[in-house]
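Tertiary structure, described
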Protein chains: 6
Amino acid sequence: MSEFTHFNHQGRAKMVDITTKEESSRCAIAQSSITVNQAIYEGITSNQMKKGDVLAVAQVAGIMAAKQTSNMIPMCHPIPISGVDIQFEWIEKNSSFQLQIQVTVKTKGSTGVEMEALTAASVCALTIYDMCKALDKGMVIGQTYLTHKSGGKTGDFDRSSID
Amino acid sequence: MSEFTHFNHQGRAKMVDITTKEESSRCAIAQSSITVNQAIYEGITSNQMKKGDVLAVAQVAGIMAAKQTSNMIPMCHPIPISGVDIQFEWIEKNSSFQLQIQVTVKTKGSTGVEMEALTAASVCALTIYDMCKALDKGMVIGQTYLTHKSGGKTGDFDRSSID
Amino acid sequence: MSEFTHFNHQGRAKMVDITTKEESSRCAIAQSSITVNQAIYEGITSNQMKKGDVLAVAQVAGIMAAKQTSNMIPMCHPIPISGVDIQFEWIEKNSSFQLQIQVTVKTKGSTGVEMEALTAASVCALTIYDMCKALDKGMVIGQTYLTHKSGGKTGDFDRSSID
Amino acid sequence: MSEFTHFNHQGRAKMVDITTKEESSRCAIAQSSITVNQAIYEGITSNQMKKGDVLAVAQVAGIMAAKQTSNMIPMCHPIPISGVDIQFEWIEKNSSFQLQIQVTVKTKGSTGVEMEALTAASVCALTIYDMCKALDKGMVIGQTYLTHKSGGKTGDFDRSSID
Amino acid sequence: MSEFTHFNHQGRAKMVDITTKEESSRCAIAQSSITVNQAIYEGITSNQMKKGDVLAVAQVAGIMAAKQTSNMIPMCHPIPISGVDIQFEWIEKNSSFQLQIQVTVKTKGSTGVEMEALTAASVCALTIYDMCKALDKGMVIGQTYLTHKSGGKTGDFDRSSID
Amino acid sequence: MSEFTHFNHQGRAKMVDITTKEESSRCAIAQSSITVNQAIYEGITSNQMKKGDVLAVAQVAGIMAAKQTSNMIPMCHPIPISGVDIQFEWIEKNSSFQLQIQVTVKTKGSTGVEMEALTAASVCALTIYDMCKALDKGMVIGQTYLTHKSGGKTGDFDRSSID
């Protein structure tokens with residue numbers, strides 16, 4: 001079994017030293033979702049025709065969260081990320097409505113941006129919850145996970161969407 | 001259907017005015033989880049015997065995130081939260097290991113702390129992912145949702161854990 | 001002449017003590033603007049028909065900035081603001097296009113929210129500059145000032161828009 | 001007409017990918033101002049003889065704001081800025097007093113620092129407003145704009161001060 | 001022996017619940033210091049005659065740190081502080097020069113501001129170190145401690161300066 | 001005497017320009033301490049056997065503070081730090097108990113990480129104070145200073161622990 005890398009010889013958490021790691025172009029894609037009822041689905045999608053909408057706010061929140069990741073996740077290295085893109089897709093199943101959230105983060109740096117992508121996806125989903133909770137507090141944020149990672153020495157990672 | 005409250009008459013997002021709402025004692029409980037493989041499960045639980053451990057770091061991250069909620073979620077009101085408690089519980093199913101994360105947030109204020117509880121639960125799960133991702137990038141953060149809310153005019157909310 | 005209140009007896013800046021001030025409902029309205037060329041004007045306004053738009057991003061930035069005001073302005077007291085609303089209006093003059101930005105901030109607290117309204121208006125204008133600067137770096141952010149303030153002991157303040 | 005670069009193919013805001021842009025030395029200079037009455041002018045300038053003064057606080061606020069720019073402006077890339085300098089100059093016109101604020105920001109990076117210079121200039125002006133508003137809430141923050149930009153592929157930009 | 005209050009029944013850190021504590025006027029005073037060589041002492045004190053100076057920057061940093069305390073100290077409650085004042089005093093001993101830093105913080109709230117005062121004093125000393133370290137990296141930040149606390153149920157606390 | 005580098009030709013504070021400095025591997029080690037009574041000493045050390053403990057929280061706080069240094073110390077350059085490690089050691093003297101805190105910070109950048117190490121050490125000590133202050137407000141944070149610095153053009157710095 002590989003060892004946990006986040007602990008020093010006193011057994012306490014440390015931020016792992018990456019000083020000697022080479023810089024390379026890196027990319028990570030994460031996925032989350034939120035399932036809402038029909039009233040909220042209609043509210044969000046009809047609003048998209050207007051000037052402001054729920055997803056525009058969530059998009060901004062997700063992008064800003066990507067930049068704040070190392071201030072939220074204690075052992076995460078600060079990385080000057082070079083690009084963030086968030087895509088939405090609605091899936092109707094069994095008369096409930098699931099909004100798929102996919103976040104792509106890129107950087108040129110000494111460590112990966114998996115945490116930035118996962119954090120942006122989570123905050124994006126949380127923001128949608130916040131803006132719709134006056135209608136229904138029963139919304140559920142779905143599974144959140146990495147679907148792709150490339151760049152760096154540990155090799156690529158890919159998984160398909162979880163049903 | 002109730003209306004979205006987060007939009008002004010130009011159809012743009014606003015932070016809803018709560019100036020005239022009464023202060024009251026409020027509580028919210030949210031739940032999240034993360035499913036890990038056996039190597040990580042053993043690494044985390046055996047580490048708990050030592051001085052530092054993964055869950056201690058995640059606990060701190062979750063509590064600090066609760067305090068940062070209104071800086072992450074755009075339309076969320078700043079609230080001086082008065083207490084945060086996070087509980088962990090391991091559930092073994094089908095030879096995988098799920099860590100249940102339950103966050104309780106309290107305040108005395110003019111609006112609820114649902115977002116603070118949900119955000120703390122998410123950041124707690126993200127932190128565990130971060131500290132174990134050198135062993136396996138395939139961990140999945142489970143569904144994240146509100147299980148209890150009390151205080152305020154809209155009445156109480158309760159739901160049981162989702163399987 | 002009244003005295004500067006922000007200095008202690010050593011002549012150094014301090015945060016003025018407001019411990020004994022009564023809480024009251026307070027409101028402040030500030031105004032800023034940004035003048036853009038025709039290409040940008042058309043880009044922004046035609047975009048408003050789509051799902052995302054420049055002003056939606058600026059709106060979120062302004063609201064988040066209102067919440068961060070006391071972290072940016074050194075002697076400004078932290079206040080849990082209770083509402084923020086931002087309105088936009090286009091004015092065409094002499095073949096240039098000026099976007100008027102009006103920010104209303106409300107709170108129930110011991111000190112006013114003038115700085116929150118002014119800061120939100122400025123950050124809103126800065127965000128529009130950022131999103132359009134690939135087209136023209138010559139945009140000018142217009143005068144930024146308070147147009148209304150009510151609540152508190154010092155009385156109300158009102159001024160009309162500056163031409 | 002050039003295209004807006006801040007939108008993805010869903011028409012939503014994204015943070016533009018700059019992974020492949022070359023690092024180069026970059027510089028941006030922005031200008032803002034604040035116009036105050038005679039009592040405030042005398043208060044600020046006579047205070048400069050003492051140990052603390054309004055402009056020293058504004059200077060610190062502006063420099064700290066330059067470092068926070070990417071946390072305030074949603075689509076702005078985080079850049080480790082390498083230098084900030086702020087200069088003040090008083091201009092008397094028609095018995096009112098205008099403080100000119102000029103901010104120079106430098107970096108060695110993949111994108112420019114126009115937003116950092118503009119943000120620092122705005123926050124500097126806002127801080128002066130904050131520290132003098134007990135004397136007069138009618139102060140006006142003047143036009144804020146870029147006067148110089150160099151470095152990067154898009155070439156240099158220069159404009160003279162606006163009257 | 002009293003019990004640690006910062007741990008839940010799982011033995012993990014929590015933010016203590018203060019929902020039912022009464023609001024009262026509270027004050028805390030903390031002290032720190034930094035000892036510098038003669039060249040730095042002369043540089044700082046002669047600079048005080050000019051418009052900018054080291055202590056003015058440190059003062060601003062200390063006040064801003066007081067407002068950020070609950071974001072730095074994990075189990076610390078967010079409190080809207082109502083006043084901060086920082087005083088400096090030079091003491092010459094044995095041909096070295098010690099700058100005494102005294103910070104007073106006030107609030108009207110449900111918990112004390114001891115951490116805010118201590119944090120502001122520390123950050124004030126750290127800022128002076130930062131601005132003078134080009135001359136001598138051997139400066140020492142002295143003992144940092146609480147000298148006074150009043151308000152709240154646990155009674156007052158007073159201690160004299162430590163030699 | 002060398003000159004202060006943090007002031008512009010107007011005598012005001014600036015962030016020194018490091019655009020042309022070469023990147024190199026850098027390391028800084030800082031030391032702080034906190035002296036506690038026997039009850040607190042026993043509380044902390046016996047707690048180390050359990051899952052959560054005071055030092056685990058302080059460790060996280062110190063690491064997160066290292067990442068926030070340039071947002072707390074006004075003239076400090078933002079640096080993407082590449083590693084942080086914090087070590088604790090108890091020293092009993094004269095029936096009081098002193099916890100030694102040693103912080104090592106590494107980076108590959110254009111300027112040193114002395115401030116990051118000193119800030120992390122201070123915040124670490126402040127966090128321990130916070131978590132134990134219900135037992136005794138008389139704890140004293142000891143001298144805080146640099147013990148080692150390497151990398152960069154100004155050469156190495158080393159000092160032994162101060163008694």
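Further up the page is the structure itself.
Summarised in this report is the structure supplied together with it. As the structure is a computational prediction, the values presented were derived from the model and not from experiment.

Thresholds, definitions, all that
Residues numbered from 1 in each chain as written. Chains lettered and ligands numbered in written order. Predicted model: local features only at pLDDT ≥ 70, side-chain atom pairs only at ≥ 80, totals over all residues. Heavy atoms only, no water. Axes fitted to C-alpha atoms, helices over the stretch in contact; angles between N-to-C directions. Helix = DSSP H or I, 4+ residues; strand = E, 2+ residues; numbered from the N terminus. Parallel < 35°, antiparallel > 145°, perpendicular 65-115°, else oblique. Left-handed = near helix turned anticlockwise from the far one by under 90°. Contact = heavy atoms within 4.5 Å. Nonpolar A, V, L, I, M, F, W, Y, C, P; charged D, E, K, R; others polar. Least-squares fit on C-alpha atoms with pLDDT ≥ 70 in both. Buried < 20%, exposed > 50% of the residue type's maximum accessible area, 1.4 Å probe, protein only. 1 Å grid on protein atoms, 1.4 Å probe; cavity = no way out; pocket = protein on both sides within 12 Å on 5 of 7 lines; lining within 4 Å. Points joined across faces, edges and corners; volume = space filled by probe spheres on them. Phe/Tyr/Trp six-rings, centres within 6.5 Å; stacked < 30°, edge-to-face > 60°.

**Concerning the packing of helix 2 (residues 54-72) of chain A against helix 3 (residues 114-132) of chain A**
Residue and element names in this part refer to chain A. Axis separation between helix 2 and helix 3 bottoms out at 7 Å; the angle between their running directions is 140°. Accordingly, the angle class assigned to the pair helix 2 and helix 3 is oblique. In the crossing of helix 2 with helix 3, the sense of the turn from one axis to the other is right-handed. For the pair formed by helix 2 and helix 3, the contact residues are V54, L55, V57, A58, Q59, A61, G62, A65, A66, T69 and M72 on the first element and M115, E116, T119, A120, V123, C124, T127, I128, M131 and C132 on the second. Considered class by class, the residues forming the contact of helix 2 with helix 3 number 15 nonpolar, five polar and one charged.

**Here we look at the relation of the copies chain D and chain F**
The two chain copies are connected by a rotation around an axis plus a translation along it. Mapping chain D onto chain F calls for a screw motion: a turn of 120° about the axis and a shift of 0.0 Å along it, with 0.0 Å RMSD after fitting. Taken together, the turn and the small shift mark the pair as related by a three-fold rotation axis. Closest approach to the rotation axis within chain D is made by the C-alpha atom of P80 of chain D, at a distance of 4.6 Å.

**With respect to the side chain of Q98 of chain B**
Residues and elements named next belong to chain B. By the element assignment, Q98 lies in strand 3 (residues 96-109). Overall, the relative accessible area of 12% leaves Q98 in the buried class. What Q98 contacts, discounting residues up to four positions off in sequence, is S33, I34, T35, E89, W90, I91 and K93.

**Brief notes about the layout of surface pockets**
Computed from the structure, the second largest pocket encloses a volume of approximately 1,100 Å³. Forming the boundary of the second largest pocket are 48 residues, of which E23 of chain B, E23 and P80 of chain C together with E23 and P80 of chain E lie nearest the centre. Elements with a contribution of two residues or more to the lining of the second largest pocket: strand 3 of chain B, strand 3 (96-109) of chain C together with strand 3 (96-109) of chain E. For the lining of the second largest pocket, the residue count by class is 15 nonpolar, 21 polar and twelve charged.

**Re the packing of aromatic side chains**
One pass over the structure, following the stated rule, counts twelve aromatic pairs over all chains. Measuring from ring centre to ring centre gives 4.8 Å for Y41 of chain F and W90 of chain F, while their planes differ by 80°; the resulting arrangement is edge-to-face. Here Y41 of chain F is found in helix 1 (residues 38-47), whereas its partner W90 of chain F is found in strand 2 (residues 83-93), with 49 residues between them in sequence. For Y41 of chain F, a relative accessible area of 23% corresponds to the partly exposed category. Each residue in the set Y41, W90 and F97 of chain A is aromatic and connected to the rest through ring pairs, giving one cluster.

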